[in-house]
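Topology and contacts: notes
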Amino acid sequence: MKPDTIYCGDAVELLDRCAEDSVDLVFADPPYNIGYVYDQYHDDRPNEEFVEWCRTWMAGCQRALRPSGSFYLAIGDDFAAELCLAGKALGLTLRNWIIWHYNFGQNMKAKFTRAHTHILYFVKAPDQAVFNADLLRFPSARHTEYQDKRANPKGRLPDDVWDEFPRVCGTFKERDGYHGCQMPEALLTRVILASSRPGELVLDPFVGSGTTAAVAKRLGRRYLGFDLSDEYVRRTRKRLSEVRDESTLAPDEDGWPALHTDMLLQIYRETKVSLENLVANTIAMEVIAGSLAARCGHRYEVDEVAQELHRCAASAALPKLPNDRRFSPRRRQNDAAPAAYQRRVTRHRTRKTPTRAT
Ligand SMILES: C[S@@+](CC[C@H](N)C(=O)[O-])C[C@H]1O[C@@H](n2cnc3c(N)ncnc32)[C@H](O)[C@@H]1O
């Protein structure tokens, strides 16, 4: 298999062609067997057949991983338990059962709204697994609330419930618009920073719209991606042609490289403190400057970090935190531009009968 390539074909067959112990990180976001509409794949198999199929491609991922490798598997409620057991049966070690909690979940009429996805984080050999803790840190409440000088000056690690990554919605700049399950780039950035090093190989056996490969390339990793759909593969290759390795860029007369600003905005989301309160807190700002230097390999001083946050706020690029702005009534979107909001993409459709009795 040639690194930095997207292959069109069946994941099981393509995984068979990967050399043993050749991949450093797998991120797999397979179909969830819930009747989703894809270009080439019919997402509605008998349960046993689906689980058996997952066991087969998971074994392929396990074989391809190096001993220091990690395997992240995103899956819905219906099969998370079965696939966790399948991973353990393959000899993988579960490090975290991560819940990705997002807003804008699909509304339900007679049960609670579903607003999460499971991400099972396995490693092949716990004593050799890569985990770059210092690339994930942000200020803790001890820094932001109490300005406690005894708190770890490097900051804290994220919890196993991830709520800083909104789903890629219709109006998002990063949305490609043709694939209904596009993962957020910020989520893949966390996974790739945590569990791989520059130059290492990241594999996504169900690459879809190409998020994993695009983020891997941007962060200076090599990538491999597979998908059954020639349409998705064609569009992923196009997406990748517009991405460059930004991992070694430094600021120049045009200002900060976009990757550094994105990393800063991610730390801001993680810290969950409004701009005004944050920039006034020098202890927290020191932690942010340190974490940013670890993530992007360039040290910005605290006042440069504050300036960049203010610049983002002025251009409306600062992420919105819950209730951090004054309420002001706005016109209803439907009055303003109904046509512009029509979605072109295939709509999400789930089957009528639930997978199991609930
Ligand atoms: C949930 S989506 C992945 C979305 C992706 N994470 C993204 O960010 O766009 C699952 C993908 O698996 C692909 N797929 C389904 N069966 C496959 C198979 N046997 N081999 C390879 N790809 C397959 C589908 O075409 C679909 O694009």
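Whatever comes next refers back to the structure up there.
All of the points below concern the structure found in this document.

Rules used in this analysis
- Residues numbered from 1 in each chain as written.
- Predicted model: local features only at pLDDT ≥ 70, side-chain atom pairs only at ≥ 80, totals over all residues.
- Core = buried A, V, L, I, M, F, W, Y, C linked by C-beta atoms within 7 Å.
- Buried ≥ 20, exposed ≤ 12 C-beta atoms within 10 Å, placed from the backbone.
- Contact = placed C-beta atoms within 7 Å.
- Axes fitted to C-alpha atoms, helices over the stretch in contact; angles between N-to-C directions.
- Helix = DSSP H or I, 4+ residues; strand = E, 2+ residues; numbered from the N terminus.
- Parallel < 35°, antiparallel > 145°, perpendicular 65-115°, else oblique.
- Left-handed = near helix turned anticlockwise from the far one by under 90°.
- Nonpolar A, V, L, I, M, F, W, Y, C, P; charged D, E, K, R; others polar.
- Pairing = 2+ DSSP bridges.
- Near = placed C-beta within 6 Å.

1. A look at the nonpolar core
V26, C61, Y72, L73 and I192 are the most contacted members of the largest nonpolar core, which has 58 residues in total. Setting aside anything within four residues of it in sequence, one finds C61 in contact with L15, V26, A28, F71 and P205. Residues F138, L264, V287 and C296 belong to the second largest nonpolar core, which totals 17 residues.

2. A few points about the packing of helix α5 (residues 185-195) against helix α6 (residues 211-218)
It is at 9 Å that the axes of α5 and α6 come closest, and there the two elements cross at 60°. Comparing the axis directions of α5 and α6 gives the class oblique. The handedness of the crossing between α5 and α6 comes out as right-handed. Of the residues in α6, those touching α5 at E185, L188, T189 and I192 are T211, T212, A214, V215 and A216. In the contact of α5 with α6, the residues fall into 5 nonpolar, 3 polar and 1 charged.

3. As for the sheet that holds strand β4 (residues 93-106)
Overall, mixed pairing links the 8 strands, which are arranged β1-β8-β7-β2-β3-β5-β4-β6 in an open sheet. Each of the sheet's edge strands pairs with one partner strand only, and the pair in question is β1 (5-8) and β6 (161-162). One ladder, built from 6 bridges, connects strand β3 (residues 65-75) with strand β5 (residues 114-123); its direction is antiparallel. Paired with L73 across the bridge in β5 is L120. Across the sheet, α6 lies against β1, β2 (23-28), β7 (201-204) and β8 (222-227), angled at about 170° from β8, the strand it touches most.

4. Let's talk about the site of the ligand
In the vicinity of the ligand, 22 residues are found, and the nearest of them are A11, F206, G208, S209 and T211. The residue inventory of the shell around the ligand, partitioned by class, reads 11 nonpolar, 7 polar and 4 charged.

5. Observations concerning the packing of α6 against helix α7 (residues 230-241)
Orientation of α6 relative to α7, taken along the N-to-C sense of each, is 20°, at an axis distance of 10 Å. It follows from the interaxial angle that α6 and α7 lie roughly parallel. Between α6 and α7 lies a crossing whose hand is right-handed. For the pair α6 and α7, the contacting residues are A213, A214 and K217 in the first and T236, R239 and L240 in the second. Taken together, the residues that form the contact of α6 with α7 break down as 3 nonpolar, 1 polar and 2 charged.

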